[in-house]
Amino acid sequence: MEAMSGKIIENVSVSQCYQLSRKFDTHYQRDNFAPFMRNMLPFQRGKLAWTAIPSMQLRNFSKYQSSFVNRRTVHCNAAPSTAAVPNLDKVDFLKLQNGSDIRGVAVAGVEGEPLNLTEPLSEAIAAGFAAWLLEKKKADGSRRLSISVGHDSRISAKKLEDAISRGIAGAGLDVVQYGLASTPAMFNSTVTEDDAFLCPVDGSIMITASHLPYNRNGFKFFTNAGGLGKADIKNILERAADLYNKFTAEGLTSSKGKALASVKRVDYMNVYTSDLVKAVRKAAGNIEKPLEGFHIVVDAGNGAGGFFAAKVLEPLGAVTSGSQFLEPDGMFPNHIPNPEDKTAMKAITQAVIDNKADLGIIFDTDVDRSAAVDSTGLEFNRNRLIALMSAIVLEEHPGTTIVTDSVTSDGLTTFIEKKLGGKHHRFKRGYKNVIDEAIRLNSVGEESHLAIETSGHGALKENHWLDDGAYLMVKILNKIASARASGQTGGSKVLTGLLEGLQEPAFSVELRLKINQSHQDLKGGSFRDYGEAVLKHLENYIDSDPKLQKAPVNYEGVRVSGYGGWFLLRLSLHDPVLPLNIEATSNNDAVLLGNVVRAALKEFPALDTSALDKFVQAS
């Protein structure tokens, strides 16, 4: 078996597959990301898993949802199960869209949060993605397309993985399951060239809802061109809705007895982690253990990032004792896996101090975000993480443009432009917005090598513009390793030294002002129109105050400087909320800015300003 690591083991019965899966899950929770092999069945060529429709026939329909699904009732396969088939209720698929992701409630039981991401829905969504991919790749039947499927540690992951696999297989495409994986690894599977691991795949689906509570889940989609955009997600959901409307409970029940002969399983994470190890060794001059003697602790928050300690740091020579919450546990019993969460950051900081470690690293649930802590407990997150990554990138690419989201500080701009000699391009919130803007700048001749949000999403041009939390940490490790190779000492002080000159605000706060969509002031209009009216009024109000200055270039909301600080009021990307960020040199100055906004917004009764009122009055 060891000699076949990474290969495919074929011809295992369906019952054996599920027994091995359960055995693996138990073993994996005990040993974290130990090397593993999951055995699944090979494809049976010929027919679609859906009712008697040849796979070639699906490939030849470019307008799948309009000209194909309406021809007959479509019944999707389901894995063998004794569970009752969920009711096929009417569903508004488009409500599952969350920007460039899909998210919903996958586990019932939380009051006020009805189940809306069921197995049949997931099966339809996967089939919709398969149809979208067939059209995008212009598949002509000369070869079968393949889609990789992975998931984080959520308790609903396995049932959704099975449903997703049924949807893909039912569309006549190959399914390659990775089991527990990271979001960045799923994208990488579309660009890796390795036949032993069935790579590259044509598309990829990650089952995750990032740092959201245990009852949520969702999907992220990739091709070798990167993550899908909002328009693509809408298209897939529209296809899924058409398919779902053709489902019947009887058809799903009858198909449960049919084997999924189109699924294979590989340990792709071995490929992904070995690439990270190689990157650090290369930066240190091809030294086998460039981190030998360094003590680095990892906090995975019981998400999917526990592999980083044993599979990346230890092969590089680092000591990882004191690392915590590495075991996958979808109930997240210790803290939210979120580098923006204060409790999570306190946990990794305490682990560094208690273990006298040189560095601490923390990941979110699916490892597309990260943060770090130096040996003194100084946090490298939000503006500091952006400053640190900017310093590293600008050493490699002098003068390059750093693209960030809209809520970064004025001190960061000064640091990037005056201290580092780069250019700071502040853009809209949303990691996909930031990444797409960096790509756009390059396309028009403005060099940009880093796109990064205060949330911890960071993408580099050298890494296919993938927001990869593990790769960000590798860039930091590269700096430590290369500094040691050149004779420098001091561990994480090398990183802290890069932040010299960064001016940080003495006070910062974010307040969320909710729009009451039931208020008569909206007059039946949308919350987005109302929010835009609020912003326009604020902009006009600011023009009348000579002590305030609007940002000369601004892509989102209303950003204003004055009274020793700045504020930004913007409209949330998805929710009826106007987030207000205030940063200032003192609490009193922040209150002055808060009062400016408060005075401007008093004419909008549908806007709940209680959070702002409380902040101003308490101060």
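Going by the structure above, here's the rest.
Summary of the structure given here.

Reading the values: the criteria
- Residues numbered from 1 in each chain as written.
- Predicted model: local features only at pLDDT ≥ 70, side-chain atom pairs only at ≥ 80, totals over all residues.
- Heavy atoms only, no water.
- Helix = DSSP H or I, 4+ residues; strand = E, 2+ residues; numbered from the N terminus.
- Buried < 20%, exposed > 50% of the residue type's maximum accessible area, 1.4 Å probe, protein only.
- Contact = heavy atoms within 4.5 Å.
- Areas by Shrake-Rupley, 256 points an atom, 1.4 Å probe, with all protein chains shown as cover.
- Pairing = 2+ DSSP bridges.
- Axes fitted to C-alpha atoms, helices over the stretch in contact; angles between N-to-C directions.
- Phe/Tyr/Trp six-rings, centres within 6.5 Å; stacked < 30°, edge-to-face > 60°.
- Lys NZ or Arg CZ within 6 Å of the ring centre and 35° of its normal.
- Expected span 1.5 Å × (residues − 1).
- Core = buried A, V, L, I, M, F, W, Y, C linked by side-chain atoms within 4.5 Å.
- Parallel < 35°, antiparallel > 145°, perpendicular 65-115°, else oblique.
- Left-handed = near helix turned anticlockwise from the far one by under 90°.
- Nonpolar A, V, L, I, M, F, W, Y, C, P; charged D, E, K, R; others polar.

**A look at the overall build of the protein**
Next up, step 1: Scanning the protein from N- to C-terminus turns up 19 helices and 22 strands.
Next up, step 2: Per-residue burial over the protein gives 58% buried out of 619 residues.
Next up, step 3: The contacts of the protein with a sequence gap of at least 6 include a subset with a gap of at least 24, amounting to 71%.
Next up, step 4: Accessible area of the protein: about 24,800 Å², with a carbon and sulfur share of 49%.

**Remarks on the sheet that holds strand β11 (residues 370-374)**
Next up, step 1: The strand order across the open sheet built from 4 strands is β9-β10-β11-β12, with neighbouring strands paired in mixed fashion. This sheet does not close on itself; its edge strands, each paired only once, are β9 (296-299) and β12 (379-380).
Next up, step 2: Bridging between β9 and strand β10 (residues 359-363) involves 4 bridges; their strand directions are parallel. Considered in β10, the bridge of Val298 is made with Ile361.
Next up, step 3: Strands in contact with helix α15 (residues 469-485) are β9, β10 and β11; relative to β10, the strand with the most contacts, it is inclined by about 165°.

**A few points about the packing of aromatic side chains**
Next up, step 1: Scanning the entire structure with this criterion turns up 13 aromatic pairs.
Next up, step 2: Ring geometry for Tyr178 versus Tyr268: centroids 5.0 Å apart, planes at 10°, classification stacked. Of this pair, Tyr178 sits in strand β4 (residues 174-180) while Tyr268 sits in the loop between β8 (263-265) and α9 (269-283), placing them 90 residues apart in sequence.
Next up, step 3: Classification of Tyr268 as buried rests on a relative accessible area of 1%.
Next up, step 4: In textbook terms, an aromatic cluster arises when at least three aromatic residues are bridged by ring pairs, as seen for Phe129, Trp132, Phe219 and Phe221.
Next up, step 5: Taking NZ or CZ as reference, Arg484 lies 4.1 Å from the ring centre of Phe294, over its face.
Next up, step 6: Looking at Arg559, its charged tip hangs above the ring of Trp566, at a distance of 3.7 Å from the centre.

**Topic: helix α7 (residues 230-244)**
Helical geometry: 3.6 residues make up each α-helical turn, so side chains three or four residues apart lie on a common side.
Next up, step 1: Between its terminal C-alpha atoms α7 stretches 21 Å, which fits the 21 Å expected from 15 residues at 1.5 Å a residue.
Next up, step 2: Turning to α7, its buried residues are Ile233, Ile236, Leu237, Arg239, Ala240, Ala241, Leu243 and Tyr244.

**Side note on the nonpolar core**
Next up, step 1: Counting residues in each nonpolar core, the largest one holds 71 residues, and the members touching the most others are Tyr178, Leu291, Ile296, Phe308, Leu359, Met473 and Ile476.
Next up, step 2: Those residues in contact with Phe308, other than ones at most four positions away along the chain, are Leu276, Val298, Leu313, Ile361, Phe363, Ala470, Met473, Val474 and Leu477.

**Here we look at the pairing of strand β20 (residues 565-569)**
Next up, step 1: Among the 5 residues that make up β20, 5 are buried, leaving the element largely enclosed by the rest of the structure.
Next up, step 2: Here β20 shows no split at all, with Gly565, Phe567 and Leu569 on one side and Trp566 and Leu568 on the other all buried.
Next up, step 3: Looking at chain direction, strand β19 (residues 558-562) and β20 are connected through 5 bridges and run antiparallel. Each residue of the ladder has a partner; that of Val558, found in β20, is Leu569.
Next up, step 4: Counting the residues in the hairpin turn of β19 and β20 gives 2 residues, including Tyr563, whose phi is positive at 55°.
Next up, step 5: With 5 bridges joining them, β20 and strand β21 (residues 577-584) adopt antiparallel strand pairing. Paired with Trp566 across the two strands is Glu583, which belongs to β21.

**A few points about the packing of helix α17 (residues 527-543) against helix α18 (residues 587-601)**
Next up, step 1: Across the interface, α17 lies against α18 with an axial gap of 9 Å and an inter-helix angle of 120°. As judged from the angle between their axes, α17 and α18 are oblique. The two elements α17 and α18 cross, and the hand of that crossing is right-handed. Facing Val534, His537, Leu538, Tyr541 and Ile542 of α17, the residues of α18 in contact are Val596, Ala599, Ala600 and Leu601.
Next up, step 2: Classifying every residue of the contact of α17 with α18 by side-chain character gives 8 nonpolar, 1 polar and no charged.

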